[in-house]
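# Structure assessment
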Amino acid sequence: VQLQASGGGLVQAGGSLRLSCAASGRTFSRYAMGWFRQAPGKEREFVAAISWSGGSTYYADSVKGRFTISRDNAKNTVYLQMNSLKPEDTAVYYCAAVLKEGPTIVVVTSYRYDYWGQGTQVTVSS
């Protein structure tokens, strides 16, 4: 599967952005999806994950209550709605996919993902 992330940009602290990750392939609905981010000089970190059914989600503590992951399997797209953005959210955001049988399985570790998008830059100014 191929992934294309978009929606990044420059926003002031407290603002919102919605990232999208469009996937190719007919079996997108069987892929668990995740969002990760990497700030300059830091390691890539987990942000949010969603099961292929959309019924299960999981968030990093740093974004819980501010970010929402969702998916539209009919459109082969996963979203990350980011509200109340902070300067520390500045990073390149990556979407990732892994084929999973269980409809409620979420994957939070990067090495378990098989496919990655190219990343989209999010910059939050103070």
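As shown above, the structure is provided for reference.
As a starting point, this report considers the structure included with it.

Analysis parameters
Residues numbered from 1 in each chain as written. Predicted model: local features only at pLDDT ≥ 70, side-chain atom pairs only at ≥ 80, totals over all residues. Heavy atoms only, no water. Salt bridge = Lys/Arg side-chain N within 4 Å of Asp/Glu carboxyl O. Buried < 20%, exposed > 50% of the residue type's maximum accessible area, 1.4 Å probe, protein only. Helix = DSSP H or I, 4+ residues; strand = E, 2+ residues; numbered from the N terminus. Pairing = 2+ DSSP bridges.

## A closer look at the pattern of salt bridges
- Evaluation of the coordinates by the stated rule reveals four salt bridges.
- Residue Asp-61 is joined to Lys-64 by a salt bridge in which the shortest nitrogen-to-oxygen separation is 3.1 Å.
- For Lys-64, a relative accessible area of 48% gives the class partly exposed.
- Note that Arg-66 is salt-bridged to Asp-89, the shortest N-O span being 2.7 Å. One end of the pair, Arg-66, is in the loop between strand E6 (57-59) and strand E7 (67-72); the other, Asp-89, is in the loop between strand E8 (77-82) and strand E9 (91-99), and 23 residues separate them in sequence. For the pair shown, Arg-66 and Asp-89 are each scored as buried.

## Topic: the pairing of E9
- Counting buried residues along E9, seven of its nine residues qualify, which places the element largely inside the surrounding structure.
- Bridge count between strand E4 (residues 31-38) and E9: eight bridges; the pairing is antiparallel. Along E9, the bridge assignment pairs Phe-36 with Tyr-94.
- Two strands pair when backbone bridges link them, and E9 and strand E11 (residues 120-125) are joined in this way by three bridges, in the antiparallel orientation. Looking across to E11, one finds that Tyr-93 is bridged to Thr-120.
- Bridge count for E9 against strand E10 (residues 115-116) is two bridges, and the pairing is antiparallel. Note that in E10 the partner of Ala-97 across the bridge is Tyr-115.

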